[in-house]
Amino acid sequence: MRYLPHTSEDIDLMLKAVGADCLDDLFSTIPNDCLSKDDLALPEALTEWELDSHMSTLSGAMAVSPDYKVFMGAGSYEHYIPASVSYLLGRSEFVTSYTPYHPEVSQGTLQAIYEYQTLAARLLGMEVATASHYDGATALAESLLMAVRVTKKGKVAVSSLIHPFYRQVVRTYFEPTGYEVIELPYLKNGLTDIDGLDELNDLAAVAVQSPNFFGCIENLKEIGEKVHNKEALFITCFTEALSYGLLKNPGSQDADIVCGEGQSLGIPRSFGGPALGMLASRKKYMRSLPGRLVGQTKDLDGKRGFVLTLATREQHIRREKATSNICTNNSLCALAAAIYMASVGGTGIKKLAELNHDRAEYLKQELKKAGFRISFESPTFNEFVVEFPEGFDLVYDRLLKKKIVAGLPLSIYYPELVNHYLLCVTETMSKNDMDALVLEVKS
Amino acid sequence: MKELIGTTGLILNEPLLWEKGKKGRCGYSLPGRDVESFPLDNELTGEGPDFPDLSEVDVVRHYTRLSQWNFGVDTGMYPLGSCTMKYSPKTNERQAGLSGFAGAHPLLPSDFSQGTLRIMFELEQYLAEITGLDAVTLQPAAGAHGELTGMLVIHAYHKNRGAQRSKILVPDTAHGTNPATATLCNYRSIQVNSNEDGILSVESVADVMDEDTAGIMLTNPNTLGLFEENIRQIAEIVHSKGGIVYCDGANLNAVMGIVKMGKIGVDVMHLNLHKTFSTPHGGGGPGSGPVCVKKHLEPFLPVPRVVEEEGRFRLSYNYPQSIGKVQAFHGNIGVMIKAYSYIRSMGPKDLKKASRLAVLNANYIKESLKDTLHLAYDRPCMHECVFSDEKQKDDNVTTLDMAKRLMDYGFHPPTVYFPLVVHGAIMIEPTETESKEDIDKFIEAFKAIANEAKENPDLLHDAPCKSKVRRLDEVSAARKPCLTG
Amino acid sequence: MKEISELNLPADLRYAEDHEWAKLEDDKVRVGLDDYAQDQLGDIVFVELPKVGDTFNKGEVFATVESVKAVSECYMPVSGEIVSVNNSLEESPELVNKSPYGDGWFVVINPGNPSEMDTLMTNETCLKKLKGTE
């Protein structure tokens, strides 16, 4: 086997050096009643070429572009990934290295992540960003727990327009803690209803997503003011990182903690994972942050270098009192995001975000012209909700056979929204693709 | 030693991204505009982030140079204990990159995602077979995340029986993630000390196990590289008081095809695909931490679950007792595809062989270095062995000094100062993918370093000297953190 | 690390088991970490102090001290209310290493039970104890 270099000669020499007669002797400390008697019931080994063939068949059974036009976002977005990004991510010095605990031989990863932290902080308008979390949902759960730690209060409020799966993850994380999670309802215009905050007291934090699950842009400044009047921390989250290429960033809207999903930044959808949890906060909460942090410093010769720092927050030192249990994070995905942000650049990201918005707007207008109702009037970024007529599910199925996925039906997540569909358009959908969709749904 | 592996070479300095570039440059091919502009209200739009503008050449050179400052498994031997830095097969990368897998939206109707669903279903079956357990979730993103998932399952199990418990037993050799996870589940960690042989004794567990204890979190083999020989009796004691046995599967590389944890008393365990199953570490992640459970814990697993009906696969949310979700979507699919490819490439015989050779390599190092370094426990080890700097005390040389000097010799240091039960611990895990010649060079290097400790200790105190930077000022980095540029 | 003989343990202070020092100043008690503790901890990077007005019993954790790779808890040598906190430690945690008995002080306590001072060790007893562990 090409990954097992030992020849029988090697094995004999090594057994001799160890003083064992055979490999079985090496397992002498394992009690007999713990040893497995049978071989593993797994399929026999495939050659590299058989594996290629097998995986090619399975890969072929997936509905992806360019064959399929998938007008779905809802936390997972299709964006073009430059060849240069994929190429650089293949460099095995990045891929096969471990967590940079020995900084002298990991300056590549450390500088790259320091750059990622900086670009992430700039994107979100915040003072400090962590080196990554698993995904937007877990980053939100960690943010809420952080707010509880900082304020020492046990109640949080979350908007019902935060991604339904994110809210589920929050509930799963909060279940054993005894802390309370309250959901804020939404208004007819597709935005969060914050009136209910007036009655709530002792809140650690209030979390709102923008653009929200319906694609609508929330009025963060107004919400933030109300939240701060309640002496709670203002947490904003997002599923579409690219939106901040165009929209006012959460930092400028007085967010205390910002968290969300960075998959749009150069990471393929890959059926949902691996993703990129982004988390940023004001500097004053730095020592309560979960996750790894890279800091700048100097070496013995005075040369600039980078190290993991503030490690006393983490599990390997603080153990049961750590700010989180996270160890392995999504470092390579953070690297992908940094390379993507560096490639698109400051000038480019604004243009790209505008293109996303304008293409989605075009589809919205065309559907309006075709007589369909846009469910919520508030401005959106690259996703919006349409109300299709009764019986549209048959049209939806017909379109599937034509290799078009006409959005995400919302009734499973919001039972009051039967026949409402969440549509997403990015720079990967052309005008022709959108015209084709409109034609099909009209007929 | 004739020629050392570690040598100097011309690598280049490279500034930070925002110290380069020029306004107006772009490293991205902006798609053409085929729709009109629909400007948003000024109230909503911002200036855009302050990113540098770089050309594609700027970006490629930047990251190519940075990569050359890193030492990876592809560079050389990386014997980090309990991390299993085995070789990451390149065919795995090819499979995960296939466009059908990489481009798929997670909420596609199941008829349109049969390829990935099949891989998930089969991988679950393989992991169940390897662990000897009954049901699997692939949703957790990493080992610690798997630990959290497992502990949440335990918490839900006790809640379901109407008897919530407040404590959990954690051995003194446990990885820091274990007690940190316990806290997240509102459990108080009760430490159980290992005996003089480095393993848990039945009495020490019996002393503390009661009906307010949710269970025990063990690691087997443990972080000293030793098999927890008393595991069956320990499991019995925990079960007799209604507790659950959790196994941290980080060290599974020692016993694949040799021991099935589910058959020796374990109820729930997590696996690290980025350790045992060869997926690359990526400079800190992403990983994948599937959790395998016994039948009676299956109802509590996160949703959705992959179900098979007449050869077709779909995702089901129909599990009313589920703990919910631990990630937004279905887990780190890209990582799972690599692990799946590994298992299909190795087959049952070579998976078992891998464990046997991993154990052989570790014992070979143990025997070869036990006169040079102080061996913490002079007993047969599994896939890793633990030494300390006891013998170098008189030379005024520490574990850290030896670790830093190893870099100059062309090796990544082993794990140091963990587990905490050994003062100045040096935990070496070669893995099965290291050849005898490379291991011999590693042994030679360590012997040379021990010699230098006696004859010229400053070489160690000043090490490393061949790397791009020398020892870094971690004190200032912590006193005055500078986390963004 | 220092040899026992090199340690500085002033005679006019009292010492707790975990190496906090206590000094009677009129009716208040000033507290800090002794020379042995700061030497063992190495370069201190961060000190987390309580707030003025917080009260603790003798033996309760009132502060934590961090080096790069470790965290240590500090226990109240006597019970009482915190009346003053050394804010300079936020900017300059290294004061604990450089001047453990001077500028590196932690808090001033209004003691609830002044007789608790008598339960603390003199510098001689403290030294004897350290030699015993040697």
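Draft legend 1. Examining the confidence of the model for chain C more closely. All names here are of chain C. On average, residues of chain C carry a pLDDT of 93, and 99% of them reach 70 or more. When pLDDT is averaged over each element of chain C, strand 8 (residues 80-85) comes out on top at 97 and helix 4 (residues 123-133) at the bottom at 88. Model confidence for the complex is summarised by a pTM of 0.96, with the ipTM given as 0.97.

Draft legend 2. Main features of the interface of chain A and chain B. On the chain B side, the residues contacting the 183 residues of chain A number 199 residues. Summing the contributions of chain A and of chain B, the shared interface buries around 16700 Å²; its carbon and sulfur component is 65%. Taken together, the links from chain A to chain B amount to 10 salt bridges. With a closest N to O distance of 3.3 Å, B:Lys349 and A:Glu44 form a salt bridge. The tally of links between chain A and chain B comes to 88 residue pairs in polar contact (both at pLDDT 80 or more). At 27 residues, helix 10 (residues 331-369) of chain A tops the list of elements feeding residues into the side of chain A that touches chain B. Taken together, the residues of the side of chain A that touches chain B sort by class into 94 nonpolar, 53 polar and 36 charged.

Draft legend 3. Representation of the pattern of salt bridges in the model. Residues and elements named next belong to chain B. According to the stated counting rule, one finds 59 salt bridges over all chains in the structure shown. Two residues, Arg 65 and Glu 14, come together in a salt bridge whose shortest N-O distance is 2.9 Å. Taken as a pair, Arg 65 in helix 1 (residues 56-67) and Glu 14 in the segment before helix 1 lie far apart in primary sequence, 51 residues in all. Glu 14 gets classed as buried once you look at its relative accessible area, which sits at 5%. Across the pair Glu 367 and Lys 370 runs a salt bridge, and its minimum N-O distance is 3.4 Å. The class for Glu 367 is partly exposed, based on a relative accessible area of 22%. Overall, the relative accessible area of 26% leaves Lys 370 in the partly exposed class. Residues joined in a network through salt bridges with shared partners are Lys 366, Glu 367, Lys 370 and Asp 378.

Rules of the game
- Residues numbered from 1 in each chain as written.
- Chains lettered and ligands numbered in written order.
- Predicted model: local features only at pLDDT ≥ 70, side-chain atom pairs only at ≥ 80, totals over all residues.
- Heavy atoms only, no water.
- pLDDT = per-residue confidence, 0-100.
- Helix = DSSP H or I, 4+ residues; strand = E, 2+ residues; numbered from the N terminus.
- Contact = heavy atoms within 4.5 Å.
- Buried area = accessible area lost by both parts, 1.4 Å probe.
- Salt bridge = Lys/Arg side-chain N within 4 Å of Asp/Glu carboxyl O.
- Polar contact = N/O pair within 3.5 Å; in protein donor to acceptor, adjacent residues only side chain to side chain.
- Nonpolar A, V, L, I, M, F, W, Y, C, P; charged D, E, K, R; others polar.
- Buried < 20%, exposed > 50% of the residue type's maximum accessible area, 1.4 Å probe, protein only.

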